[in-house]
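In case you want the letters, here they are:
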Amino acid sequence: MTTSLAFRALLLCASLSAWAQWSPQVIEDFTKVSTTYQSLDQAGIATFWGGLRRSLRLNFNDADVELWKTPLFRKGEIEVYLSQKDHPAPLVVFLPGIFGAINEGLTPTMIDHFEKLGAHVLVVPNILSVPYVTADPIYDNGVVAHEAAVMEWALQESLKRLGKKVKGVHVVAESLGSMVGVSWVALHLEKGLPLDSLTFLFPPLDLSSALPNFDGVIRELRPSLGACEKPLLIWKLFTNFILEDVPTSLTQQEKSCFAAEVVVKAFLKSATKAQLAHAQNIKGAPTEEIDSFDKFFRSYRPELWALIEKKDETLGLAYWIKRIRAKSLLPIRVLTSKNDFLNRGLSWGKFLEETKLPNDHVIILNWGGHSGPLGMKEFPVLLEKGLNLNGAK
């Protein structure tokens, strides 16, 4: 290698290193603002609070949901969201969390964040959302292969529509969307296709532990569902969550009651809706109310639950990160919390050791439960600094 080529290679490595992690300032900012939210000490109440704060936002998304034709679903089409700026801009591909549809729940808020950063935005509904299930995915080649094929098809179709207006492609995945995102990105890179960054927001370290952990939390909180009188909960909701940024006068029992509203009631209600959508496609599929993720997956995706039961390595985040790192120096960032109940009994330290990712690729907050900090009022600014889509120094 000539001296000139060696110098250019060194500069490239330095540039990739600078982009490959959260900046020291972003890490410091996340740590600093977290002190404001220490009263959200239970994982469940933090999860409830974050979801509520995000759902209360007024969002003004730039585009409408469209039906795109594709042979990857038996219905021949799937809902897709693609917003376009009228000038060259980064493309953010967002993969919503569990049950996340495009135009309801928490997804519109995330779309709004990315659009305000000046990006084109592409969203396909979560694999367990009603729109995705209703479209009737064809899993002939396996769950992972299908989900990766859907995301690759959506990306390539978007790139055709955007043409020369794309200045880089950045993938951001939340919760269960992270497992779809990481496998798709690994397969994408193994085909030699380009990508600019990958960011995970509260990913499960391993699905074979995450979903049983979720069921464990449901069992723990189920006795708290209805344990607080409804008029009291409504009053506490107004005084602690609407009038205040952070609740300051909740008892431990009240925290558990609110946690049960989201972890038990809301999540299982979404699972039941998805199961009913599945029953419309499959004659004889159960239509009863879902009371656990075990029950839901055994009915809807028994082949995936079989992988969970045997703890298949392909359900682990580290498995796919290692495949990514074997092919690319793609910038990877993770935001999570110490008490995310999906990752009970698992170690981020072991993950970093196994993947050989440096510590500054992962921010682990002292609070937050599952995705709670995404509801912080400071989050949009921290997200902008962290993603650094426009290359600010």
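Residues numbered from 1 in each chain as written. Predicted model: local features only at pLDDT ≥ 70, side-chain atom pairs only at ≥ 80, totals over all residues. Heavy atoms only, no water.

**Topic: helix α14 (residues 348–355)**
Since the α-helix packs 3.6 residues into each turn, any two residues three or four apart lie on the same face.
And step 1. Restricting attention to buried positions, one finds in α14 the residues Trp 348, Phe 351, Leu 352 and Thr 355. The buried residues of α14 occupy one face: seen down the axis, they fall within an arc of 95 degrees. Pointing more than 90 degrees away from the buried face of α14 are the exposed residues Lys 350 and Glu 353.
And step 2. Lys 356 sits one or two residues past α14 and shows a positive phi near 65 degrees. (Buried < 20%, exposed > 50% of the residue type's maximum accessible area, 1.4 Å probe, protein only. Helix = DSSP H or I, 4+ residues; strand = E, 2+ residues; numbered from the N terminus. Arc of directions from axis to C-beta.)

**Considering the pattern of salt bridges**
And step 1. In this structure the tally under the stated criterion is 21 salt bridges.
And step 2. A salt bridge links Lys 116 to Asp 112, with the nearest nitrogen and oxygen atoms 3.2 Å apart. Here Lys 116 pairs with Asp 112, and both are found in helix α4 (residues 107–116), just four residues apart, close to one helical turn.
And step 3. Connected through shared salt-bridge partners, Arg 53, Asp 245 and Lys 377 make up one network. (Salt bridge = Lys/Arg side-chain N within 4 Å of Asp/Glu carboxyl O.)

**Brief notes about the environment of Ile 290**
And step 1. Looking at where Ile 290 falls in the secondary structure, it is placed in the loop between α10 (252–281) and α11 (293–300).
And step 2. Residue Ile 290 is classed as buried on the basis of its relative accessible area of 4%.
And step 3. Separated by 22 residues in the primary sequence, Ile 290 and Leu 268 place their C-alpha atoms 6.1 Å from one another.
And step 4. The contact partners of Ile 290, leaving out residues within four places of it in the chain, are Leu 268, Ala 271, Thr 272, Gln 275, Lys 295 and Phe 296. (Contact = heavy atoms within 4.5 Å.)

**As for the nonpolar core**
And step 1. Ranked by internal contacts, the top residues of the largest apolar core, which has 126 residues, are Val 93, Ile 324, Leu 335 and Phe 351.
And step 2. Looking at this core element by element, the count peaks at twelve residues for α10. (Core = buried A, V, L, I, M, F, W, Y, C linked by side-chain atoms within 4.5 Å.)

**Observations concerning the sheet that holds strand β4 (residues 120–123)**
And step 1. A sheet is described by the order of its strands in space; here eight strands give the open sequence β1-β2-β4-β3-β5-β6-β7-β8, paired in mixed fashion. Looking at strand neighbours, the two that pair on one side only are β1 (65–69) and β8 (362–365), the edges of this open sheet. Averaged over all pairs of adjacent strands, the angle between their axes in this sheet comes to 20 degrees, without regard to strand direction.
And step 2. The sheet contact formed by strand β3 (residues 89–95) and β4 spans four bridges and is parallel. By the bridge assignment, Phe 94 is partnered in β4 with Val 123.
And step 3. Contacts from α14 reach β7 (332–337) and β8 within the one sheet, and its direction differs from that of β8 by about 175 degrees.
And step 4. Here helix α15 (residues 379–387) sits on the sheet and contacts β5 (166–174), β6 (197–201) and β7; the angle it forms with β7, its principal contact strand, is near 150 degrees. (Pairing = 2+ DSSP bridges. Axes fitted to C-alpha atoms, helices over the stretch in contact; angles between N-to-C directions.)

**Quick word on the packing of aromatic side chains**
And step 1. This structure, assessed with the given rule, holds 21 aromatic pairs.
And step 2. Taking the centre distance of 5.0 Å and the plane angle of 80 degrees together, the rings of Phe 73 and Tyr 132 count as edge-to-face. Taken together, the residues span a long stretch of sequence, with Phe 73 in the loop between β1 and β2 (77–83) and Tyr 132 in helix α5 (residues 130–135) at a distance of 59 residues. Like Phe 73, the residue Tyr 132 is buried in the burial classification.
And step 3. Taking the centre distance of 4.8 Å and the plane angle of 80 degrees together, the rings of Phe 214 and Phe 267 count as edge-to-face. Of this pair, Phe 214 sits in helix α8 (residues 207–221) while Phe 267 sits in helix α10, and the two are 53 residues apart along the sequence.
And step 4. Accessibility expressed as a relative area gives 2% for Phe 214, which makes it buried.
And step 5. An aromatic cluster of three or more residues is present, and its members are Phe 99, Phe 214, Phe 267, Phe 293, Phe 296, Phe 297, Tyr 300, Trp 305 and Phe 341.
And step 6. Here Arg 161 stacks its cationic end above the ring of Trp 68, 3.9 Å away from the centre of that ring.
And step 7. Between Arg 301 and the ring centre of Tyr 300, over which it is positioned, the NZ or CZ distance is 4.8 Å. (Phe/Tyr/Trp six-rings, centres within 6.5 Å; stacked < 30°, edge-to-face > 60°. Lys NZ or Arg CZ within 6 Å of the ring centre and 35° of its normal.)

**Side note on the side chain of Thr 199**
And step 1. Looking at the element boundaries, Thr 199 is found in strand β6.
And step 2. If we skip the residues at most four places from it in the chain, Thr 199 touches Trp 22, Val 171, Val 172, Ala 173, Arg 333 and Leu 387.

**Re the confidence of the model for the protein chain**
And step 1. With 93% of its residues at a pLDDT of at least 70, the protein chain reaches an overall mean of 90.
And step 2. Confidence over residues 1–19 falls short of pLDDT 50; this stretch has eight contacts with residues more than four positions distant or in other chains. (pLDDT = per-residue confidence, 0-100.)

**Points about the pairing of β6**
Residues in a regular strand project their side chains so that they alternate between the two faces of the sheet.
And step 1. With five of five residues buried, β6 is to be regarded as a mostly interior element.
And step 2. Following the backbone out of β5, through helix α7 (residues 177–190) and into the adjacent parallel β6, one traces a crossover that is right-handed.
And step 3. Here four bridges tie β6 to β7, and the two strands are oriented parallel to one another. The residue of β7 that forms the bridge with Leu 198 is Ile 332. (Right-handed = clockwise from strand over helix to strand, strands pointing away.)

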